[in-house]
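Per-entry structural report
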Amino acid sequence: MLSTRTTSGRLLVALIALGATVGTVALSGARADEEQPRAASDARSTASRGSPRSPEQVLASLNRVMAWYRQARIVMRSIDGTGVFASTDEQTAVRLLGRAFDAARAQAALLGREPGAPASADGRRGERRVKLEATVRQDEQEVASLRARLREAAPGQRPALERASVAANNRLELDRARLAFLTQLRELESSPSGSDDDLEHQIEALQAAVPELRTPTAAPPVSAAPPQRATSGTWAMVQRLLAVQRSRSNLDELEAATNDLVRGVDDDITAVRASIKPIIARLEVLAKDPTDSGISLKDSQREFRGLLERQKLLAAVVLPLREESALARRYTADLKGWNEVIDRESRQALQGLALDLVGVVVALAVVFVGGVLWRVGVIRYVTDATRRRLLLTVRSVVVTVAVALVLIFRFTSEMTALVTALGFAAAGIAFALQNVILAVAGYFTMVAPNGIRVGDRVSLQGPFGYVHGEVTEIGFVRIKLQELAGDPLRPSGRVVVFPNSVVFTGSFFKDPPAPAR
């Protein structure tokens, strides 16, 4: 008896275990069957996902490329140098901008084909409007019928018919108001007032602001700044070096902007490719089994055509983006060559400036050494104090003029303008200082070898006659005399001052020395 119970218990446990195993397998199969259509549904939803970019992002990318193009044109036209840019460089920038507009239009077409909520909302509003029109007609018939019955009804039936007529009339007015609202809403949405704000019109408006895209073959033939006339002088070389440094700074900024543009275009390409991958995967599945996931053959074909059309639209976006990326990378490579040209011009400008400064230093050294030798020679070999002072004065003037001429002629770039300006300046100075110039010339005439010395007696014609006197001082612009009067001539105590120009404008006599007593 005990063995029979034990055998029965074991059999019961085995049956329970077998039932649990079968239940687990069945449950897992059911879950797998549920997850399979769910995965297929997820694949369909992923493949039919909306555009990877919104209209705002499309316009932001287009504005980014336009800002880069404006900066590139400004830099190419402001570079101070020859042989840096060519017409092909600007054509590359124009082509890049054109590909950006092509990509934006392709994305606008993709967004226009999206089965979004506005279309379905329009369909629902259309169905509701049709139903409201039918309801309004029924309400009108009901109101007309109730009014006819009310005119023929007995006095006892009138209150109920009046209430029913008023209720039907209220329903009619309410349905008419709803129908009028839907009609006005449809007219507002279909009016052309909002067409200027859609993506395609905004892209066209932006393209119209770029005249180079209208006739891309007629791009300006010269991109760089026109070659400047050859100039000379240290100051011209300094200006040239500063201009080259500004050009290099502008090229660095343009290179940074171009690198940012390349990264932005690559991000756009990555986003579009990520949207294409699930579509291609779903198309391959439908190509192998049109009835995948238990959908009907008709729905499968509809889905296949829709995904295929969407794949074509995305491919139309990828192609201009790839070309835009290639042109941007080519422009980046060209920028490196332009930087090398600018660096070479900078080195040449530095070398020329260094050589010119060396020439200035040598010229100034020669002038100062000559001045020192002049001074040493005068002090050593000229014993007469008057002549020594005269020669030292002349030496100072000559050294000053020589230094000024060296600096002027080495730090100027327009020799013709300089000579003309110096000529007019000299004429003006000569006219304004003609008396002073005559006085200085008279000084050199007086101190000449056959001139006069301090202590000599002279007779000068003044404004009131001849003045006799003894020379007490010979200045650079005037001469002082100790007046002599009487017979014989004796000092009167007065000092007479004449400008040195009296040598040329009046009479000048050198009297014999006074007789010795």
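Notes on the structure in this doc start here. (Residues numbered from 1 in each chain as written. Predicted model: local features only at pLDDT ≥ 70, side-chain atom pairs only at ≥ 80, totals over all residues. Heavy atoms only, no water.)

**Some remarks on helix H2 (residues 55-78)**
Heads up, the condition is: Each helix is a run of DSSP H or I of at least 4 residues and each strand a run of E of at least 2, with the numbering of both proceeding from the N terminus. Expected span of a helix, by definition, is 1.5 Å for each gap between consecutive residues, and there is one gap fewer than residues. Residue burial is assigned from relative accessible area. The probe radius is 1.4 Å, only protein chains are included, and a residue is buried under 20% of its type maximum, exposed over 50%, and partly exposed in between.
Here H2 is 24 residues long and its end C-alpha atoms lie 35 Å apart, about the 34 Å a rise of 1.5 Å per residue gives. Regarding H2, the residues found buried are Val58, Leu59, Ser61, Leu62, Val65, Met66, Trp68, Tyr69, Ala72, Arg73, Val75 and Met76.

**A short note on the nonpolar core**
The line we're drawing: In these notes, a set of buried Ala, Val, Leu, Ile, Met, Phe, Trp, Tyr and Cys residues joined through side-chain atoms within 4.5 Å is what counts as a nonpolar core.
Counting residues in hydrophobic clusters, the biggest one holds 51 residues, and the most contacted among them are Trp68, Leu97, Ile203 and Tyr331. Put simply, the parts of the chain that give this core at least two residues each are H2, helix H3 (87-112), helix H6 (199-208), helix H7 (234-288) and helix H8 (297-381). Of the residues forming this core, the biggest block, 13 residues, is contributed by H7. Listed in part, the 15 residues of the second largest apolar core include Met446, Ile452, Val496 and Val502.

**Some points on a nonpolar patch on the surface**
Selection rule: Patch membership needs two things, relative accessible area over 30% and no salt bridge, and members are linked within 9 Å if like-charged or within 5 Å if nonpolar (Val, Leu, Ile, Met, Phe, Trp, Tyr). Areas reported here follow the Shrake-Rupley algorithm with a probe of radius 1.4 Å; residue values treat only the protein chains shown as occluding. Salt bridge criterion: a side-chain nitrogen from Lys or Arg within 4 Å of a carboxyl oxygen from Asp or Glu.
A cluster of nonpolar side chains, namely Ile429, Leu433, Val436, Ile437, Phe444, Phe476 and Val477, defines an oily patch on the protein surface of about 570 Å² accessible area. Its location among the elements puts valine 477 in the loop between strand E2 (465-474) and strand E3 (478-485).

**Topic: the environment of arginine 410**
Following the sequence through the fold, arginine 410 ends up in helix H9 (residues 385-410). It is 10.0 Å that separates the C-alpha atoms of arginine 410 and alanine 363, two residues lying 47 residues apart in sequence.

**Digging into empty space enclosed by the protein**
The condition that has to hold: Computed over the protein atoms alone on a 1 Å grid, cavities are sets of points where a 1.4 Å probe fits but cannot get out and pockets are open sets with protein on both sides within 12 Å along at least five of seven lines; a residue lines them when it has an atom within 4 Å of a point. Grid points are joined across faces, edges and corners, and a volume is the space filled by probe spheres set on the points.
Scanning the model with the defined rule gives 2 cavities of 30 Å³ or more in all. In this structure, the largest cavity spans a volume of roughly 100 Å³. Along the wall of the largest cavity there are 13 residues; nearest its centre are Ser61, Leu62, Ala100, Ala103 and Leu321. Of all the secondary-structure elements, those providing two or more residues to the lining of the largest cavity are H2, H3, H7 and H8. Residue contributions to the lining of the largest cavity peak at 5 residues, all from H2.

**Some thoughts on the pattern of salt bridges**
Two side chains carrying opposite charge are able to pair once their charged atoms lie near each other. On inspection of all chains with the given rule, the structure shows 18 salt bridges. Where aspartate 268 meets arginine 64, a salt bridge forms, and the shortest distance between an N and an O atom there is 3.4 Å. With a gap of 204 residues between them, aspartate 268 in helix H7 and arginine 64 in helix H2 connect regions that are remote in the sequence. Among the salt bridges present, the one from arginine 494 reaches glutamate 483, with a minimum N-O distance of 2.5 Å. Here arginine 494, found in strand E4 (residues 490-499), pairs with glutamate 483, found in strand E3; they are 11 residues apart in sequence, far enough to count as distant. Taking relative accessible area as the criterion, glutamate 483 reaches 12% and is therefore assigned buried. Residues joined in a network through salt bridges with shared partners are Arg95, Arg99, Asp102, Arg105 and Glu323.

**Notes on the pairing of E3**
Stated formally: In this scheme, strands are said to pair when DSSP sees at least two bridges between them.
Judged from the 5 bridges that link them, E2 and E3 form a sheet pairing that is antiparallel. Within E3, the residue paired with glycine 469 across the bridge is glutamate 483. As consecutive antiparallel partners, E2 and E3 are separated by 3 residues. Where E3 and E4 come together, 7 bridges link them in antiparallel fashion. Bridged to alanine 485 within E4 is arginine 490. Count of turn residues in the E3/E4 antiparallel hairpin: 4 residues, of which glycine 486 carries a positive phi of about 90°.

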